[in-house]
Amino acid sequence: MHSHQQKILVIDFGSQYAQLIARRIRECEVYSEIVSWRVSDEWIRQFAPQGIILSGGPESTIGVNSPQIPDAVFELGVPVLGICYGMQAMALKLGGQVESSTHREYGAATVTLEQTCRLTQGIEDRYSEGNGRAQLDVWMSHGDRVTVIPRGFNAVGVSENSPFAIMACDAKNYYGLQFHPEVTHTPQGQRLIERFVQDICGCGSLWTLKNILKESIEIVRAQVKNAPVLLGLSGGVDSAVVAALLHKAIGDQLTCMFIDTGLLRHEEALSVLEVFAQNLGAKVIAVDASEHFYQALVGVSDPEEKRKIIGRVFIETFDRESKKLGDIPFLAQGTIYPDVIESAHASHSAHVIKSHHNVGGLPKDMNFKLVEPLRELFKDEVRQLGLELGLPYEMVYRHPFPGPGLGVRILGEIQPQYVKILRAADHIFMSELKKQGWYDKVSQAFAVFLPVKSVGVVGDARHYDYVIALRAVQTVDFMTARWAQLPYDLLDVVAHRIVNEVPGVSRVVYDISGKPPATIEWE
């Protein structure tokens with residue numbers, strides 16, 4: 001059976017967790033897609049899902065012009081699971097009532113199971129000492145609450161501020177959870193999603209790495225046939241996996257172009273060329289365009305403007321160099337599923353936190369047909385595919401790196417001197433994290449160049465030099481993160497080495513901000 005033959009549809013009401021829901025479904029080895037609540041009824045019918053999950057959202061279901069559930073959701077006759085806002089919207093659409101609560105329920109909570117249903121049967125964290133009923137530890141985030149459940153539903157679970165924390169209609173396989181099962185703060189959340197996807201919707205394990213790789217190769221070969229393909233190789237995980245996949249699928253038909261922006265990490269260009277040109281035998285053209293980028297960024301301090309300039313110069317360089325290669329009809333890109341969601345505005349009802357770090361897209365007048373074999377995959381799936389294709393673990397599991405590179409880790413104007421300082425400091429930080437076994441314990445770590453000077457003493461001389469900030473975070477989904485509590489001895493070694501080995505640095509600080517309120521990157 002094809003990996004897409006059984007699938008779950010996630011309807012997004014602007015939730016910051018919609019992608020996390022889809023990922024949890026895929027962990028059940030079942031394909032999932034995310035669409036906005038504005039999607040047409042006809043599209044839903046043609047998609048023909050085995051089940052539908054309604055996400056949470058930042059709006060109030062009883063507010064003016066609040067997002068609504070498409071009619072087709074309840075016309076298909078498939079199981080439906082509403083989460084938070086999705087549960088409230090379900091209750092309203094099916095005849096229940098929702099009211100604004102005087103007590104907002106946010107954070108850890110306990111749900112007591114007053115009854116059982118197919119969704120919750122046999123799933124619990126513990127039993128109440130008082131009445132012996134099963135209880136679940138959950139994560140709540142809501143202001144409104146359901147006060148009257150629709151006809152045919154049972155009140156399954158209750159929390160301190162939610163008289164209907166779980167509602168269920170086993171006859172129609174409709175379920176509502178006021179809490180968020182997709183987050184790690186709900187310990188039994190994955191079991192609840194598995195129960196819904198596998199047992200209630202009846203989906204089997206078709207979305208497997210073996211099937212994904214086999215079908216991706218077949219699709220690429222069918223699309224490009226014997227034509228040449230050009231890939232912009234950035235050194236990041238996504239483009240690296242695309243390169244390995246395409247090389248396996250079409251061999252010498254692939255040409256990779258690596259553009260050195262001058263804003264890369266320590267010896268990044270060298271490592272990319274070694275892996276692909278020497279180890280995999282792929283054709284790689286290296287272009288050093290660092291001077292073009294530096295010149296275009298002179299005097300620019302605004303972070304958004306820096307991103308736009310870096311994206312524009314990258315496109316101009318790629319366009320110029322690609323024309324030297326003759327007529328190549330296909331362009332491969334490392335587009336992944338979160339990029340597709342954002343670019344298609346499938347989640348355009350979400351509250352935007354900040355602009356994305358990726359380098360801008362290619363202009364319409366570039367005469368290429370796109371090859372995007374990863375466009376259905378999340379980042380964790382891309383990494384697993386990379387290992388399957390034989391890429392080194394160190395490359396596949398490198399920490400995330402923004403598209404504009406070190407350009408958004410230098411606050412203010414970018415100068416070659418600043419890049420040199422930052423690259424050296426960042427390399428020391430990464431080296432010590434790896435040496436002391438902390439690199440894989442943190443989700444992302446990097447150094448930041450601060451364009452302010454601080455008094456210091458190096459040797460016996462007084463110096464007035466720049467400041468380097470260190471940042472390391474631990475997170476599951478990058479939507480929230482806590483600062484990594486690195487050992488003092490490790491920080492001491494890193495700071496000592498940076499100040500002594502990197503000319504121009506007089507002071508090192510460590511960022512202990514969480515997300516929220518801070519973001520992970522500084523710009």
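All values reported here derive from a predicted model rather than from experimental measurement.

1. Observations regarding the overall build of the protein
Item 1. Broken down by element type, the protein carries 15 helices and 19 strands.
Item 2. The globule rule puts the C-alpha radius of gyration for 523 residues at 24 Å, and the 26 Å found for the protein is close to it.
Item 3. For the protein, buried positions account for 54% of its 523 residues.
Item 4. At a minimum sequence separation of 6, the contacts of the protein that also span at least 24 residues come to 76%.
Item 5. Taken as a whole, the protein presents about 23,200 Å² of accessible surface, with 49% of it coming from carbon and sulfur.
Item 6. Separation of charge centres in the protein, based on 50 positive and 61 negative side chains, amounts to 2 Å.

2. Some remarks on the sheet that holds strand 15 (residues 369-371)
Item 1. Pairing is parallel in the open sheet, where five strands are placed in the order 13-12-11-14-15. Pairing within the sheet leaves two strands with one partner each, and these edge strands are strand 13 (283-288) and strand 15. Here the strands of the sheet are splayed against their neighbours by 30° on average, with no regard to which way each runs.
Item 2. By the bridge criterion, three bridges tie strand 11 (residues 229-233) to strand 14 (residues 330-332) in an arrangement that is parallel. Bridge pairing links L230 to L331 in strand 14.
Item 3. Its contacts with the sheet put helix 6 (residues 209-224) on strand 11, strand 14 and strand 15, and the angle it makes with strand 15 is roughly 165°.

3. A look at the nonpolar core
Item 1. Of all hydrophobic cores here, the largest spans 47 residues; its most connected members are F429, L433, I468, L470, L486 and I498.
Item 2. Elements represented by at least two residues in this core include exactly strand 12 (254-260), helix 9 (290-296), helix 10 (303-323), helix 14 (416-435), strand 16 (444-458), strand 17 (461-474), helix 15 (488-501) and strand 19 (505-510).
Item 3. Top element by residues in this core is helix 14. It accounts for nine residues.

4. Details of helix 1 (residues 18-26)
Along an α-helix, residues three or four apart share an orientation, since each turn contains 3.6 residues.
Item 1. With respect to burial, helix 1 is a largely interior element, eight of its nine residues being buried.
Item 2. Among the residues making up helix 1, those that are buried are A18, L20, I21, A22, R23, R24, I25 and R26.

5. Digging into the pattern of salt bridges
Item 1. In this structure the tally under the stated criterion is 24 salt bridges.
Item 2. For E381, the salt bridge is made with R26, and the minimal N-O distance between the two is 2.9 Å. Here the residue E381 occupies a position in helix 12 (residues 379-388), and R26 occupies one in helix 1, the gap between them amounting to 355 residues. This pair shows no difference in class: E381 is buried, exactly as R26 is.
Item 3. The salt bridge partner of E268 is R265, with a shortest N-O separation of 3.1 Å. For the pair shown, E268 and R265 are each scored as buried.
Item 4. Each of E42, R45 and E75 takes part in salt bridges that share partners, so that together they form one network.

6. Looking at the environment of R409
Item 1. Here R409 is to be found in the loop between helix 13 (393-396) and helix 14.
Item 2. For the pair R409 and N500, spaced 91 residues apart in the sequence, the C-alpha separation amounts to 21 Å.

7. Let's talk about the packing of aromatic side chains
Item 1. This model, assessed by the stated rule, comprises 11 aromatic pairs.
Item 2. Between Y31 and W207 the ring centres are 4.8 Å apart and the planes differ by 50°, which places this aromatic pair in the tilted class. You can see Y31 sitting in strand 2 (residues 31-36) and its partner W207 sitting in the loop between helix 5 (189-200) and helix 6, a full 176 residues away along the chain. Here the two residues Y31 and W207 agree in accessibility, since each one is buried.
Item 3. Above the plane of the ring of F401 lies R265, whose end atom (NZ or CZ) is 4.0 Å from the centre.

8. A word on the environment of S3
Item 1. Mapped onto the fold, S3 is located in the segment before strand 1 (7-12).
Item 2. On the basis of relative accessible area, S3 is assigned to the buried category, the value being 1%.
Item 3. The spatial distance from the C-alpha of S3 to the C-alpha of R126 is 37 Å, given a sequence separation of 123 residues.
Item 4. Look past the residues within four positions of S3 in its chain and what remains in contact with it is Y31, L206, W207, N211 and E215.
Item 5. At 3.1 Å, the side chain of S3 forms a polar contact with the side chain of H4.
Item 6. A polar contact is formed between the side chain of S3 and the side chain of E215, at a distance of 2.5 Å.

9. Overview of the confidence of the model for the protein
Item 1. Predicted confidence across the protein gives a mean pLDDT of 90, with 93% of residues reaching 70 or more.
Item 2. Here residues 345-360 scores under 50 on pLDDT; set against residues more than four positions off or in separate chains, the count is 43 contacts.

10. Observations regarding unusual backbone geometry
Item 1. Cis geometry marks the peptide bond from K515 to P516, where omega comes out at -10°.
Item 2. The amide bond that connects P516 to the next residue, P517, takes the cis arrangement and shows omega of 10°.
Item 3. Here P517 lies in the segment after strand 19.
Item 4. With a phi close to 55°, N65 is a non-glycine residue in the positive phi region.
Item 5. Secondary-structure assignment places N65 in the loop between strand 3 (51-54) and helix 3 (72-75).
Item 6. By relative accessible area, which is 73% here, N65 ends up exposed.
Item 7. Residue E267 is not a glycine yet carries a positive backbone phi of 50°.
Item 8. Topologically, E267 is positioned in the loop between strand 12 and helix 8 (268-279).

Analysis parameters
Sequence order sets the numbering: in each chain, residues are counted from 1 along the sequence as written. For this predicted model, a pLDDT threshold of at least 70 governs which residues receive local features, and a threshold of 80 or more governs which side-chain atom pairs are given and counted, while totals over whole chains, interfaces and linings are taken from all residues. To get the side-chain values, all heavy atoms of the structure are used, and hydrogens and water are removed first. Numbered from the N terminus, helices here are DSSP runs of H or I no shorter than four residues, and strands are runs of E no shorter than two. Radius of gyration: over C-alpha atoms. The globule rule applied is 2.2 Å multiplied by the number of residues raised to the 0.38 power. Buried residues are those whose accessible area, probed at 1.4 Å on protein chains only, stays under 20% of the maximum for their type, while exposed residues exceed 50% and partly exposed ones sit between those limits. Contacts between residues were defined by any pair of non-hydrogen atoms, one from each residue, lying within 4.5 Å. Shrake-Rupley sampling with a 1.4 Å probe provides the accessible areas, and residues are treated as covered by the protein chains on show and by no other component. Residues scored as charged are limited to Lys and Arg (positive) and Asp and Glu (negative), so that His and the chain ends carry no count. Throughout, a charge is located at the NZ atom of Lys, the CZ atom of Arg, the CG atom of Asp or the CD atom of Glu. Pairing between strands is defined by DSSP: at least two bridges between them are needed. Think of each axis as a best-fit line through the C-alpha atoms, taken over the contacting stretch in the case of a helix, with angles from 0 to 180 degrees between the N-to-C directions. Residues grouped as a nonpolar core are buried Ala, Val, Leu, Ile, Met, Phe, Trp, Tyr and Cys residues, joined through side-chain atoms within 4.5 Å. Take a side-chain nitrogen of Lys or Arg and a carboxyl oxygen of Asp or Glu: if they are within 4 Å of each other, that pair is a salt bridge. Stacked, edge-to-face and tilted are the three classes for Phe, Tyr and Trp ring pairs, Trp counted by its six-membered ring, which pair at centre distances within 6.5 Å; planes under 30 degrees apart are stacked, over 60 edge-to-face, the rest tilted. Here, a charge over a ring means that NZ of Lys or CZ of Arg falls within 6 Å of the ring centre while also lying within 35 degrees of the ring normal. Here a polar contact is taken to be a pair of N or O atoms separated by no more than 3.5 Å, where protein atoms must pair a possible hydrogen donor with a possible acceptor and residues adjacent in sequence count only if both atoms sit in side chains. pLDDT gives the predictor's per-residue confidence on a scale running from 0 to 100.

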